[in-house]
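Given next are the chains, with one letter for each unit.
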Amino acid sequence: MQNFQHEVVIVGAGAGGVAVAASLLKRRANLNIALIDPAKEHSYQPGWTLVGGGVFQQSQTRRPMSSVIPDGVTHYSEAAATFQPEENCVTLADGKVISYSVLVVSPGLKLNWEAIPGLKETLGKNGVTSNYQWETAPYTWQNVQQLKKGKAIFTQPPMPIKCAGAPQKAMYLSCSEWLSQGVLGDIDVEFCNAGGVLFGVADYVPALMSYIEKYGIELNLGQTLVEVDGDKQVATFEVTNAAGEKERIEKPFDMLHVCPPQCSLDFIKNSPLADDAGWVDVYPDTLQHKKYNNVFGLGDGTNTPNAKTAAAARAQAPVVAENVLSVLVQQSPRALYDGYGSCPLTVERGKIVLAEFVYGGKVKPSFPNWLIDGTKPSYLAWLLKEKSLPWVYWEGMLKGREWLVSPVISNTPPAR
């Protein structure tokens, strides 16, 4: 089998992978880069919330993969099968062997629909929907429009998940529509969150709780969806009772919006690049692999303790690009990622709570408070989400333009 050689090989042509390729080429235009990804289309996943809220059309969130691969980058439209980091190569599903000087791994994660019995079979019908999937996001909006009375349940599984605010974004946008249609009073809305808090960064919780109260939502923490019977429209949840014992409760529904459990992809989990939990094992600051110095990881598939969002990938990509170039010339990485992530929480149609934070849950706003106070609902933040961020994604991030995410370069490499 022929061996194909490149200076930099990137596994995954999602937000992180394409952004790294573009950022690398901005720094060194003649770099020999390969991208490995079997997908024929590239999705703007942050837009799916707005599809489910009736704001975007489904078609606005997807483009042909060929249109986003940077010029000059070799695209292998096969899946990566196995990694051989000791030999500096990746083997593809069709048997091709791709060699590299530096490897970047940005594979995303797995939406584990199968982990909840009955869910996959009924998804997209019987009132069961999810904004976490391109195919079913329009069905969310269809359900919202059709529901005039009854029970609507929104679920969130145990962490980690990508865009931890998305399950409640779907709920708030649905409630906003029902309120405007005058039917919210006839709909019993529940938020069943497996976690112990409404949102992981405390500064934003008061604003979100005000909307829980405004819409009359029943907030149930510590409740995990474990089974769905679509034909009977019954959802089963596991809860821990006062005695510390786990028990199951059944809840009928007319609409069920599900955020599925999420885990590492199998080909990552079974590779030498993974930690014990199955995620790509990298340092949280330089994003360099902890064992293999010429391997980097970013995006949803790594074990960094940041929020898994497109905004995180946008901040990580320039850091990885800088550090890849350092390693190519036998220098230690000095560009540092601070854990930045952003979650524009759509609390109603036309208003957003713009959550921005770094490692440790420390708030890190991009704008001065007089312009956008992220802890309060804002129309300007809505405009940012609806009008600006899609353009920033397609025309900025995927083309190597690093607005507001220029990497911090340390004078000395981090101590290990």
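Since this is a predicted model, take the numbers as computed values, not measurements.

### Details of the sheet that holds strand 12 (residues 187–193)
Here is step 1: An order of 10-17-11-12-13 is seen for the five strands of this open sheet, with the pairing classed as parallel. Strands with a single pairing partner mark the edges of an open sheet, and in this sheet they are strand 10 (128–129) and strand 13 (218–221).
Here is step 2: Relative to strand 17 (residues 255–257), strand 11 (residues 150–156) runs parallel, the two sharing three bridges. Within strand 17, the residue paired with Phe-154 across the bridge is His-257.

### A short note on the packing of aromatic side chains
Here is step 1: Under the criterion given, the structure shown has twelve aromatic pairs.
Here is step 2: Aromatic side chains Phe-199 and Phe-357 sit 6.2 Å apart centroid to centroid with 75 degrees between the ring planes, which places their arrangement in the edge-to-face category. Of this pair, Phe-199 sits in the loop between strand 12 and helix 6 (205–214) while Phe-357 is found in strand 22 (residues 351–358), placing the two residues 158 residues apart along the sequence. Of the two residues, Phe-199 and Phe-357, both sit in the buried class.
Here is step 3: On the basis of an interplanar angle of 5 degrees and a centroid distance of 5.5 Å, the ring pair of Trp-391 and Trp-403 is categorised as stacked. Here Trp-391, found in helix 9 (residues 379–396), pairs with Trp-403, found in the loop between helix 9 and strand 24 (408–409); they are twelve residues apart in sequence, far enough to count as distant.
Here is step 4: The class of Trp-403 is partly exposed, set by a relative accessible area of 37%.
Here is step 5: By the ring-pair criterion, three or more aromatic residues cluster together here, those being Tyr-44, Tyr-393 and Trp-394.
Here is step 6: When the ring centre of Trp-134 is taken as origin, the NZ or CZ atom of Arg-62, which lies over that ring, is 4.1 Å away.

### Description of empty space enclosed by the protein
If a probe as big as a water molecule is rolled over the atoms, it shows which places are left empty.
Here is step 1: All chains considered together, the criterion is met by three cavities of 30 Å³ or more.
Here is step 2: In this model, the largest cavity occupies a volume close to 40 Å³.
Here is step 3: Among the elements of the structure, helix 1 (15–27) and helix 8 (310–328) are those that each provide at least two residues to the lining of the largest cavity.
Here is step 4: The leading source of residues in the lining of the largest cavity is helix 8, at three residues.

### Some details on the nonpolar core
Here is step 1: One finds Val-8, Leu-24, Ile-33, Ile-36, Leu-103, Val-104 and Val-324 to be the most contacted residues of the largest nonpolar core, which totals 63 residues.
Here is step 2: The element best represented in this core is helix 8, accounting for twelve residues.
Here is step 3: Tyr-132, Leu-147, Ile-217 and Phe-357 belong to the second largest nonpolar core, which has 54 residues in total.

### Brief notes about the pairing of strand 13
Here is step 1: In this sheet, strand 13 lies alongside strand 12 in parallel orientation, the contact comprising four bridges. Within strand 13, the residue paired with Asn-193 across the bridge is Leu-221.
Here is step 2: Crossover handedness for the path strand 12 to helix 6 to strand 13: right-handed.

Criteria and thresholds
- Residues numbered from 1 in each chain as written.
- Predicted model: local features only at pLDDT ≥ 70, side-chain atom pairs only at ≥ 80, totals over all residues.
- Heavy atoms only, no water.
- Pairing = 2+ DSSP bridges.
- Helix = DSSP H or I, 4+ residues; strand = E, 2+ residues; numbered from the N terminus.
- Phe/Tyr/Trp six-rings, centres within 6.5 Å; stacked < 30°, edge-to-face > 60°.
- Buried < 20%, exposed > 50% of the residue type's maximum accessible area, 1.4 Å probe, protein only.
- Lys NZ or Arg CZ within 6 Å of the ring centre and 35° of its normal.
- 1 Å grid on protein atoms, 1.4 Å probe; cavity = no way out; pocket = protein on both sides within 12 Å on 5 of 7 lines; lining within 4 Å.
- Points joined across faces, edges and corners; volume = space filled by probe spheres on them.
- Core = buried A, V, L, I, M, F, W, Y, C linked by side-chain atoms within 4.5 Å.
- Right-handed = clockwise from strand over helix to strand, strands pointing away.

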